[in-house]
Amino acid sequence: MQEYKVEDLTQKAPVSDLVAIIHYEKLGGYVEVRKDGSVRLVSPGGVVSAQFRELEKEEWLRNNYIQILLDSGVQGEELEKALEAIARVDTKLAEAEDLDKVWEDLERRTDERFRRWCAERGIDYDSLTEEEFMALVDEAVRTVREKRR
């Protein structure tokens, strides 16, 4: 028996404001997800509703990164370490006095490092298409992950 089941309502009831229902059978509850971003948790212990605010750029990037890790098969200790590293960055960002400066510095250092990495391999960074860029990133991540195993 699966512990949860996702029911996508976007096709079954397209005019409804309800988008999905996620059943968590182990606890006998479910979560309703609505088009406006609100959720409602229904369980034997009661009902809780929440309205989430729009994702900030940082949250969107973090969530996408975590999804990439999960889609790539990262799990166990490797996933825990990645989530701990994300938490450290979140803490650093929360404590920063000038957040714009922190982001600019991070982007600058990332760009410099990737340019060096490309140069070491004879790759012209400035001529890369978006698809070529992402293929290089995917290959680099795969290589690092294989070395850690």
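Residues numbered from 1 in each chain as written. Predicted model: local features only at pLDDT ≥ 70, side-chain atom pairs only at ≥ 80, totals over all residues. Heavy atoms only, no water.

**A word on the overall build of the protein**
We apply this condition: Only runs of H or I of at least four residues qualify as helices and only runs of E of at least two qualify as strands under DSSP, and these elements are numbered from the N terminus. Each radius of gyration reported is based on C-alpha atoms, and the globular scaling rule is 2.2 Å times the count of residues to the power 0.38. Each residue's exposure class comes from its accessible area (1.4 Å probe, protein chains only) as a fraction of the maximum for that residue type: buried when under 20%, exposed when over 50%, partly exposed otherwise. Contacts are residue-level and defined by heavy atoms, with any inter-residue pair within 4.5 Å sufficient. Only the protein chains shown count as cover for residues, with accessible areas throughout obtained via the Shrake-Rupley method and a probe of 1.4 Å. Just so you know, the count uses Lys and Arg for positive and Asp and Glu for negative, and it drops His and the chain ends. Each charge is placed at NZ for Lys, CZ for Arg, CG for Asp and CD for Glu.
The number of helices and strands found in the protein is four helices and five strands. Start at the N end of the protein and walk to the C end: the helices and strands fall as β-β-β-β-β-α-α-α-α. In summary, the protein has a C-alpha radius of gyration of 21 Å against a globular reference of 15 Å for 149 residues, an excess of more than 25%. Across its three principal axes, the protein shows a C-alpha extent of roughly 60 × 40 × 35 Å. Per-residue burial for the protein yields a buried fraction of 15% across its 149 residues. In the protein, the proportion of contacts linking residues at least 24 apart, taken out of those at least 6 apart, comes to 8%. With an accessible surface of roughly 11,800 Å², the protein has 54% of that area assigned to carbon and sulfur atoms. Counting 24 positive and 35 negative side-chain charges, the protein places the centres of these two groups 4 Å from one another.

**Details of the side chain of Ser 38**
Definition in use: A 3.5 Å cut-off defines polar contacts: any pair of N or O atoms within that distance qualifies, except that in protein one atom must be a possible hydrogen donor and the other a possible acceptor, and neighbouring residues in sequence count only when both atoms are side-chain atoms.
With respect to the helices and strands, Ser 38 occurs in strand E4 (residues 38-43). Within the structure, Ser 38 has its side chain in polar contact with the side chain of Asp 36 (distance 2.6 Å). Setting aside residues no more than four positions away along its own chain, Ser 38 makes contact with Glu 32, Val 33, Ala 50 and Gln 51.

**Some details on the layout of surface pockets**
Applied cut-off: A 1.4 Å probe that fits into a set of points on a 1 Å grid over the protein atoms alone but cannot get out defines a cavity; an open set with protein on both sides within 12 Å along at least five of seven lines defines a pocket, and lining residues are those with an atom within 4 Å of a point. Grid points are joined across faces, edges and corners, and a volume is the space filled by probe spheres set on the points. Gly is put with the polar residues, along with every residue not named as nonpolar or charged; the nonpolar set is Ala, Val, Leu, Ile, Met, Phe, Trp, Tyr, Cys and Pro, and the charged set is Asp, Glu, Lys and Arg.
Space inside the largest pocket adds up to approximately 2,000 Å³. Lining the largest pocket are 42 residues; nearest its centre among them are Tyr 65, Leu 106, Thr 110, Val 137 and Val 141. Broken down by secondary-structure element, the contributors of at least two residues to the lining of the largest pocket are helix H1 (57-71), helix H2 (76-95), helix H3 (99-120) and helix H4 (130-148). A class-by-class count of the residues in the lining of the largest pocket yields 23 nonpolar, three polar and 16 charged.

**A word on the sheet that holds strand E1 (residues 4-8)**
How we decide: Whether two strands pair depends on DSSP finding at least two bridges between them. The angle between two axes is taken between their N-to-C directions and runs from 0 to 180 degrees, where each axis is a line fitted to C-alpha atoms and a helix contributes only its stretch in contact.
The strand order E1-E2-E3-E4-E5 describes an open sheet built from five strands, whose pairing is antiparallel. Unpaired on one side and paired on the other, E1 and strand E5 (46-51) mark the two borders of the sheet. Strand-to-strand twist of the sheet, defined as the mean angle between neighbouring strand axes without regard to direction, takes the value 15°. Note: E1 against strand E2 (residues 18-24), five bridges, orientation antiparallel. Following the sheet pairing, Asp 8 is matched in E2 by Ala 20.

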